[in-house]
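Okay, here's what each chain looks like letter by letter:
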Amino acid sequence: MFFLFYLFVICQRLVELKIAKRNEHLMKKKGAVEFGQGHYGYMVLLHIAFLLALLIEVLFLSKEVSPFWPLLISLFIGTQVMRVWAIASLGMFWNTKIIILPHADVVKKGPYRFLRHPNYLVVSLEIIIIPLLFQAYITAFIFTILNAWMLSVRIPMEEKALNNTTSDYSNYIQEKSRFTPKI
């Protein structure tokens, strides 16, 4: 089961990178500007290291599927629904990089009606859920901390860029929480 699941996650990430590259090209043709290039390589490295650490911990420490797998797989499926909803809601504005079209309206549909960063919430949950699914507690612990550190750099940078280049982000951040829904 682990290898099929692992392969699914890797294929999903590769498809997302392809979507991001296409969206980057479309956005830059429209005059979009990229921010935060300095941390992007570290973020990519963190995600690659997460996948490698998961593989190493599960294989070398002979980890088994969690006895709570029905709950964890349900939570994982929920994160995937949220991921697709977030990506579809942003359309060409979705990216793994911070690429912003100046003076564009902030997307306020889909999960963005309820919170500012649903995609980061999904990633944060996945970094906990995926290792727990295979009892890879070391990976879950270490990468939860590393991801929190990365988001402490990434989110303020993205919010500053959005606030400085879009017409209504300052109003939007007053209305929406970063990770918990405001209905």
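Preceding this section is the structure that the text describes.
Here we summarise the structure given alongside this text. Not measured: the values here are computed from a predicted model. (Residues numbered from 1 in each chain as written. Predicted model: local features only at pLDDT ≥ 70, side-chain atom pairs only at ≥ 80, totals over all residues. Heavy atoms only, no water.)

As for the packing of aromatic side chains
(1) Moving on: This structure, assessed with the given rule, holds 8 aromatic pairs.
(2) Moving on: Taking the centre distance of 5.7 Å and the plane angle of 70 degrees together, the rings of Phe-50 and Phe-143 count as edge-to-face. Residue Phe-50 is located in helix 2 (residues 37–60), and its partner Phe-143 is located in helix 5 (residues 137–165); the two are separated by 93 residues in the primary sequence.
(3) Moving on: A relative accessible area of 4% means that Phe-50 is categorised as buried.
(4) Moving on: In textbook terms, an aromatic cluster arises when at least three aromatic residues are bridged by ring pairs, as seen for Phe-2, Phe-3, Phe-5, Tyr-6, Phe-8, Phe-76 and Phe-134.
(5) Moving on: The positively charged end of Lys-97 is found above the aromatic ring belonging to Tyr-40, 5.5 Å away from the centroid. (Phe/Tyr/Trp six-rings, centres within 6.5 Å; stacked < 30°, edge-to-face > 60°. Helix = DSSP H or I, 4+ residues; strand = E, 2+ residues; numbered from the N terminus. Buried < 20%, exposed > 50% of the residue type's maximum accessible area, 1.4 Å probe, protein only. Lys NZ or Arg CZ within 6 Å of the ring centre and 35° of its normal.)

Side note on the packing of helix 1 (residues 2–29) against helix 3 (residues 69–90)
(1) Moving on: Contact geometry of helix 1 with helix 3 gives a least axis separation of 14 Å together with a crossing angle of 10 degrees. In terms of their interaxial angle, helix 1 and helix 3 are classed as roughly parallel. Along its contact with helix 1, which presents Phe-5, Phe-8, Val-9, Gln-12, Arg-13 and Glu-16, the element helix 3 presents Ile-73, Phe-76, Gln-80, Arg-83 and Ile-87.
(2) Moving on: Residue composition of the contact of helix 1 with helix 3, grouped by class: 6 nonpolar, 2 polar and 3 charged. (Axes fitted to C-alpha atoms, helices over the stretch in contact; angles between N-to-C directions. Parallel < 35°, antiparallel > 145°, perpendicular 65-115°, else oblique. Contact = heavy atoms within 4.5 Å. Nonpolar A, V, L, I, M, F, W, Y, C, P; charged D, E, K, R; others polar.)

Brief notes about the nonpolar core
(1) Moving on: Counting residues in hydrophobic clusters, the biggest one holds 23 residues, and the most contacted among them are Phe-5, Leu-54 and Ile-130.
(2) Moving on: When residues of this core are traced back to their parent elements, those giving at least two are helix 1, helix 2, helix 3, helix 4 (118–133) and helix 5.
(3) Moving on: Residue contributions to this core peak at 7 residues, all from helix 2.
(4) Moving on: Counting residues in each nonpolar core, the second largest holds 14 residues, with Ile-87, Leu-90, Trp-94 and Ile-98 among its members. (Core = buried A, V, L, I, M, F, W, Y, C linked by side-chain atoms within 4.5 Å.)

Observations regarding the layout of surface pockets
(1) Moving on: If you add up the space inside the largest pocket, you get close to 1,100 Å³.
(2) Moving on: Every residue lining the largest pocket is counted, 47 residues in all, and those nearest its centre are Trp-94, Asn-95, Thr-96, Asn-119 and Arg-154.
(3) Moving on: Put simply, the parts of the chain that give the lining of the largest pocket at least two residues each are helix 1, helix 2, helix 3, strand 2 (98–100), helix 4, helix 5 and helix 6 (169–175).
(4) Moving on: Considering every element that reaches the lining of the largest pocket, the biggest residue donor is helix 2, with 8 residues.
(5) Moving on: Residues of the lining of the largest pocket, tallied by class, amount to 31 nonpolar, 7 polar and 9 charged. (1 Å grid on protein atoms, 1.4 Å probe; cavity = no way out; pocket = protein on both sides within 12 Å on 5 of 7 lines; lining within 4 Å. Points joined across faces, edges and corners; volume = space filled by probe spheres on them.)

A word on unusual backbone geometry
Working note: non-glycine residues mostly have negative phi, and peptide bonds are mostly trans.
(1) Moving on: Phi is positive for Ser-62, close to 50 degrees, though the residue is something other than glycine.
(2) Moving on: Non-glycine residue His-103 carries a positive phi angle of around 70 degrees.
(3) Moving on: Relative to the helices and strands, His-103 resides in the loop between strand 2 and helix 4.

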